[in-house]
Amino acid sequence: MSDDMMLVVVNHEEQYSVWWADRDPPSGWTPTGFAGTRQECLDHIATVWTDLRPLSARGTES
């Protein structure tokens, strides 16, 4: 993979992914505001996505 600019995107289940910065994200995915190389985006995701369960599976824990 090249060093093309990528975006970190998130869906309604608070699951993260990377997407090309020069393309609109697919339906249901929203840019988080973080952009960089693919590796920088993956590193950012590893930092912010600490609970890998989908939002719907997390329930209302206290």
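Okay, so let's go over this structure.

So, about the pairing of strand E2 (residues 16-20). Of the pairings in the sheet, the one linking strand E1 (residues 6-11) to E2 comprises five bridges and is antiparallel in character. Bridging across to E2, Met6 finds its partner in Trp20. Linking E1 back to E2 in an antiparallel pair, the connection comprises four residues, with Glu14 at a positive phi of about 60°.

Our focus in this paragraph is the nonpolar core. Ranked by size, the top nonpolar core spans five residues in total: Met6, Val8, Val18, Cys41 and Ile45. Residue assignment for this core shows that the elements contributing at least two residues are E1 and helix H1 (38-48).

Below, the discussion takes up the packing of aromatic side chains. Scanning all chains against the criterion turns up two aromatic pairs. Ring plane angle 50° and centroid distance 5.8 Å describe the contact between Tyr16 and Trp49, whose orientation is recorded as tilted. Linking Tyr16 in strand E2 with Trp49 in the loop between H1 and helix H2 (55-58), this pair joins segments that are 33 residues apart in sequence. The partly exposed category is assigned to Tyr16, whose relative accessible area is 24%. Ring centres 5.0 Å apart and planes at 75° place the aromatic pair Trp19 and Trp20 in the edge-to-face group.

Scoring rules and cut-offs
- The written sequence of each chain sets the order in which its residues are numbered from 1.
- Local features are withheld for residues below a pLDDT of 70 in this predicted model, meaning they are given only at 70 or higher, and side-chain atom pairs are given and counted only at 80 or more; totals for whole chains, interfaces and linings count all residues.
- Computation of side-chain values covers all heavy atoms of the structure but excludes hydrogens and water.
- Only strands that DSSP links by at least two bridges are regarded as paired with each other.
- Numbering of helices and strands runs from the N terminus; a helix is a DSSP stretch of H or I covering at least four residues, while a strand is a stretch of E covering at least two.
- Side-chain atoms within 4.5 Å link the members of a nonpolar core, which is a set of buried Ala, Val, Leu, Ile, Met, Phe, Trp, Tyr and Cys residues.
- Here the term buried applies to any residue with accessible area under 20% of the maximum for its type, exposed to any over 50%, and partly exposed to those in between, with areas from a 1.4 Å probe on protein chains only.
- Working definition: a ring pair exists when centres of Phe, Tyr or Trp rings (six-membered ring for Trp) sit within 6.5 Å. Plane angles under 30 degrees give stacked, over 60 give edge-to-face, the rest tilted.

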